[in-house]
Amino acid sequence: MSLELVSQTKSFGGWHKQYNHVSSKLGVSMRFAIFLPPQCQTGEKVPVLYWLSGLTCTDENFMQKAGAQRVAAQLGVAIVAPDTSPRGDSVANDEGYDLGQGAGFYVNATEAPWSDHYRMYDYVVEELPQLIEATFPVSQKRAIAGHSMGGHGALMISLRNPKRYCSASAFSPISNPINCPWGRKAFTAYLGADESNWQQYDTTELLRNTLEKVPFRVDQGLADNFLTEQLQPEKLADAAAGSDFPLQLEQHEGYDHSYYFIASFIEEQLRFHHRYLVAE
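Figured I'd write up the structure that's included with this text.

The rules behind each value
Residues numbered from 1 in each chain as written. Predicted model: local features only at pLDDT ≥ 70, side-chain atom pairs only at ≥ 80, totals over all residues. Heavy atoms only, no water. Helix = DSSP H or I, 4+ residues; strand = E, 2+ residues; numbered from the N terminus. Buried < 20%, exposed > 50% of the residue type's maximum accessible area, 1.4 Å probe, protein only. Lys, Arg positive; Asp, Glu negative; His and termini not counted. Salt bridge = Lys/Arg side-chain N within 4 Å of Asp/Glu carboxyl O. Contact = heavy atoms within 4.5 Å. Pairing = 2+ DSSP bridges. Axes fitted to C-alpha atoms, helices over the stretch in contact; angles between N-to-C directions. Right-handed = clockwise from strand over helix to strand, strands pointing away. Polar contact = N/O pair within 3.5 Å; in protein donor to acceptor, adjacent residues only side chain to side chain. Disulfide = S-S within 2.5 Å. Core = buried A, V, L, I, M, F, W, Y, C linked by side-chain atoms within 4.5 Å. Parallel < 35°, antiparallel > 145°, perpendicular 65-115°, else oblique. Left-handed = near helix turned anticlockwise from the far one by under 90°. Nonpolar A, V, L, I, M, F, W, Y, C, P; charged D, E, K, R; others polar.

### Structural notes on the side chain of aspartate 122
Alright, step 1. Relative to the helices and strands, aspartate 122 resides in helix H3 (residues 120-135).
Alright, step 2. One buried charge, aspartate 122, has no salt-bridge partner; the nearest side chain with opposite charge is lysine 25, at 4.4 Å.
Alright, step 3. Dropping the residues within four chain positions of it, aspartate 122 is found in contact with Lys25, Asn108 and Glu127.

If you want it as structure tokens, here you go:
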């Protein structure tokens, strides 16, 4: 699987790099970014945090705005940020910002025309980690995190694959997508009208029945414009309490949905993950 280096920039003794590659799962060229901490330069294999971004984002939003590289360099953790959907002239799209390119929702679409390329679940869970671990000096110790749509993706993916991830976290996740406008629109398009097919991609529904427990941290701003209608963290908290799930929910007065919020607490999330990534 060949990689095309798009850019590289030194940062805190490590390197931020962007690559293109042809995805066998998605059937198009995909871009991802990786931050390799300075420990990689001595041949050390470091653990990886996979970051999933939100609606309209690319691989660049988190890497440029979150300010994560300083702490990741100190901790010796690589960060991988994929794009949020397949893209290109041959890829189905929609006029709305919340469907189509930039809005893959980290599911495997089953409905036309989306099913031709929108298999972001398989890409994130299978193809991308295989590529990263075969190419870069990283270990198989993985954590996963994300924001908004990506927060939904990170929590959902970890619940469905508890042996693949040491920990999971989210900023402002779409906690119960089958019961909010963003999620219902996307799931109807990608997965069809039968709502029984949606539950496998819903964190709150998965939490109600989970047996294996991945440590969770969720940070939510209480001045978030999307809090009540779209995010609904109280549903996540209720489901976690009902299944005795280790959810650390941190609610922050005055913070909104933006990367100013993420930048304010990214260090706490990275240190949360580091505890589990280095544990034996």
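Now that the structure has been shown, the text picks up again.
### Section: the sheet that holds strand S2 (residues 14-22)
Alright, step 1. Across the sheet, nine strands lie side by side as S1-S2-S3-S5-S4-S6-S7-S8-S9; this open sheet has mixed pairing. Sheet topology places strand S1 (4-11) and strand S9 (247-252) at the edges, where each strand pairs with a single neighbour. Strand-to-strand twist across the sheet, computed as the mean angle between neighbouring axes with direction ignored, equals 20 degrees.
Alright, step 2. Relative to strand S3 (residues 29-36), S2 runs antiparallel, the two sharing eight bridges. Each residue of the ladder has a partner; that of tryptophan 15, found in S3, is leucine 36.

### Quick notes on the pairing of strand S7 (residues 168-171)
Alright, step 1. Of the two faces of S7, the one carrying Ala168 and Ala170 and the one carrying Ser169 and Phe171 are both buried.
Alright, step 2. One ladder, built from four bridges, connects strand S6 (residues 138-147) with S7; its direction is parallel. Considered in S7, the bridge of isoleucine 144 is made with alanine 168.
Alright, step 3. Viewed along the sheet, the connection from S6 through helix H4 (residues 149-160) into S7 turns out right-handed.
Alright, step 4. Of the pairings in the sheet, the one linking S7 to strand S8 (residues 216-221) comprises four bridges and is parallel in character. Each residue of the ladder has a partner; that of alanine 168, found in S8, is phenylalanine 216.

### Points about the side chain of serine 158
Alright, step 1. By the element assignment, serine 158 lies in helix H4.
Alright, step 2. For serine 158, a relative accessible area of 0% corresponds to the buried category.
Alright, step 3. A distance of 2.9 Å separates the side chain of serine 158 from the backbone oxygen of leucine 155, its partner in a polar contact.
Alright, step 4. In contact with serine 158, other than residues within four places in its own chain, are Ile144, Tyr165, Ala168, Val214 and Phe216.

### Quick look at the state of the cysteines
Alright, step 1. Going through the model one piece at a time under the given rule, you end up with zero disulfides.
Alright, step 2. Looking at cysteine 57, it has no disulfide partner, and the nearest cysteine sulfur is the one in cysteine 180, 17 Å off.
Alright, step 3. Here cysteine 166 stays free of any disulfide, with the sulfur of cysteine 40 as its closest cysteine sulfur at 16 Å.

### Overview of the pattern of salt bridges
Alright, step 1. In total, this model carries 10 salt bridges according to the counting rule given.
Alright, step 2. Where arginine 142 meets glutamate 133, a salt bridge forms, and the shortest distance between an N and an O atom there is 2.7 Å.
Alright, step 3. Relative accessible area serves as the criterion here: at 8%, arginine 142 is assigned to the buried category.
Alright, step 4. Of the residues examined, glutamate 133 reaches a relative accessible area of 18% and is grouped as buried.
Alright, step 5. Sharing partners across several salt bridges, the network here consists of Arg70, Glu267 and Arg271.

### Remarks on the nonpolar core
Here is a general trend for soluble globular proteins: nonpolar side chains tend to be buried in one another's company.
Alright, step 1. The biggest cluster of nonpolar side chains holds 65 residues, and the ones touching the most others in it are Phe32, Phe105, Ile132, Ile144, Ile157, Phe187 and Tyr190.
Alright, step 2. For this core, the element with the highest residue contribution is H3, accounting for eight residues.
Alright, step 3. Counting residues in each nonpolar core, the second largest holds 25 residues, with Phe35, Ala66, Leu75 and Ile79 among its members.

### Description of the packing of H3 against H4
Alright, step 1. Two elements in contact, H3 and H4, have axes whose closest approach is 11 Å; the angle formed by their N-to-C orientations is 60 degrees. The orientation of H3 with respect to H4, classified from their angle, is oblique. Read as a crossing pair, H3 and H4 show a hand that is right-handed. Residue-level inspection shows Tyr121, Val124 and Val125 of H3 in contact with H4, the latter providing Met156, Ile157 and Arg160.
Alright, step 2. Here the residues of the contact of H3 with H4 are counted per class, giving five nonpolar, no polar and one charged.

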